[in-house]
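Residues per chain, in single letters:
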Amino acid sequence: MTVAESDPARRRVGLVGAGSHAMRNIVSSVAFLPFDLAAVADTVAERAQRVASLTGATPYESAARMFAEADLDAVLLVAGARAHAPLAIEAFGAGLDVWTEKPPAISVEQLDTMLAARGDRVCGVGYKKALMPAIVKARELLGDRVLSASASYPNDVPLHPEGPPYPVGTWLSDGCHVLAAMLSVCGPVAAVATHRAAEKGSALVLHHANGVVGVLHLINGAPVYQPSERYLFVTDGATVAIENGRRVVYQRDIPARYDEDDNFAAGGLDSGAVVWEAQDTMATMQGKNVVTQGILPSLLAFARAIQTRQQPEYGSLEFARQVLAVCEAAQASDATLVAVAS
């Protein structure tokens, strides 16, 4: 998983935002990267000091001071939706590469200011589900042969016909994850129609630019802390199903005759199902949540992008703009087809 062995040039990185998510998932992932956590900034001094005491990083009470004094190569932003764009622009101005948690901005217009400020810096966005091993496997199996797709995810889309910028809620902050996964497999979306239930839940019909139609069923009301996230991608003669981010089933048709065959397990290995599943039997990386949910893969993609000086494929600001534009169009739609901003 790591690039530390293949990249002798370790980078000095700073962390902005030292809350519970940063502690659980980001700080713990840095150990597997060619990064030295040199500095941490948080407006709550105790949180910065806690990370500093665990990692040896220098604590700061402001990102601006950290950017000016800490001699960094890159920065990881985990500061909240409204803070990410201003902090990223400030970091670009200080000559730093940036990885930012999602969403990187609260509107397409604000993201365009980030693109204008990026210059020659590398910027990665933590759309973890686009880099889940299960979604990566789906892209490998399907290539560009997707015919249709569906997904279910516990979230909802509020209606805001007045236009962006919209209030920052769970749709912008979390719904973007499953959208990023869908776009990474099926391609950019040209238009979207949002259909809302009378109380909770909604369904988005995604019209992808390549002709694929996808349905995103937002199952608001389902148990959030039980397995509820599912994907189904359809191609000629086969499907790829993903359950809970940890199980991939590649289902191929079997050579059966409706009126004659009575064996569901046809001979050989060229038909039927192939299953991959994360295992917890041993203390390997493959079963860790930061891996199966794509958090560490997103940070690894950023580390490799720094090496190559190229933007990460499924975490660039350009990709983020596609995702954010669908988020905006979905909020504007009330069972009508709304074009996604290009």
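Below: a short report on this structure.

The rules we used
Residues numbered from 1 in each chain as written. Predicted model: local features only at pLDDT ≥ 70, side-chain atom pairs only at ≥ 80, totals over all residues. Heavy atoms only, no water. Core = buried A, V, L, I, M, F, W, Y, C linked by side-chain atoms within 4.5 Å. Buried < 20%, exposed > 50% of the residue type's maximum accessible area, 1.4 Å probe, protein only. Helix = DSSP H or I, 4+ residues; strand = E, 2+ residues; numbered from the N terminus. Arc of directions from axis to C-beta. Contact = heavy atoms within 4.5 Å. Salt bridge = Lys/Arg side-chain N within 4 Å of Asp/Glu carboxyl O. Pairing = 2+ DSSP bridges. Axes fitted to C-alpha atoms, helices over the stretch in contact; angles between N-to-C directions. Polar contact = N/O pair within 3.5 Å; in protein donor to acceptor, adjacent residues only side chain to side chain.

So, the nonpolar core
Move 1: Of all hydrophobic cores here, the largest spans 79 residues; its most connected members are Met66, Val75, Trp171, Leu204, Tyr231 and Phe233.
Move 2: With eleven residues, helix H7 (residues 170-186) is the largest single contributor of residues to this core.
Move 3: Ala22, Leu37, Ala57 and Ala303 belong to the second largest nonpolar core, which has 30 residues in total.

Re helix H2 (residues 45-55)
Move 1: Within H2, the full set of buried residues consists of Ala48, Val51 and Ala52. Along H2, the residues classed as buried sweep out an arc of 100° about the axis, all on the same side. Opposite the buried face of H2, at more than 90 degrees from it, the exposed residues are Glu46, Ser53 and Leu54.
Move 2: Considering only its buried residues, H2 is in contact with strand S1 (11-16), helix H1 (20-30), strand S2 (35-41) and strand S3 (58-60).
Move 3: Taken from the residues just after H2, glycine 56 is the one with a positive phi, measuring 85°.

With respect to the pattern of salt bridges
Move 1: Across all of its chains, the model carries 14 salt bridges by this definition.
Move 2: Residue aspartate 120 pairs with arginine 121 through a salt bridge whose shortest N-O separation is 3.2 Å.
Move 3: Because the salt bridges share partners, they merge into one network encompassing Asp97, Asp120, Arg121 and Arg309.

Quick notes on the sheet that holds S1
Move 1: Across the sheet, six strands lie side by side as S3-S2-S1-S4-S5-S6; this open sheet has parallel pairing. Every other strand in the sheet has two partners, leaving S3 and strand S6 (123-125) as the edge strands with one partner each. Ignoring strand direction, the axes of neighbouring strands in this sheet form an average angle of 20°.
Move 2: Sheet contacts for H2: S1, S2 and S3; angle to S2, the most-contacted strand, approximately 155°.

Examining the side chain of glutamate 229
Move 1: Following the sequence through the fold, glutamate 229 ends up in the loop between strand S10 (213-218) and strand S11 (230-235).
Move 2: At 2.6 Å, the side chain of glutamate 229 forms a polar contact with the side chain of tyrosine 231.
Move 3: Residues within four places of glutamate 229 in sequence aside, it is in contact with Lys129, Met132, Ser152, Tyr153, Ile242, Glu243, Asn244 and Gln293.

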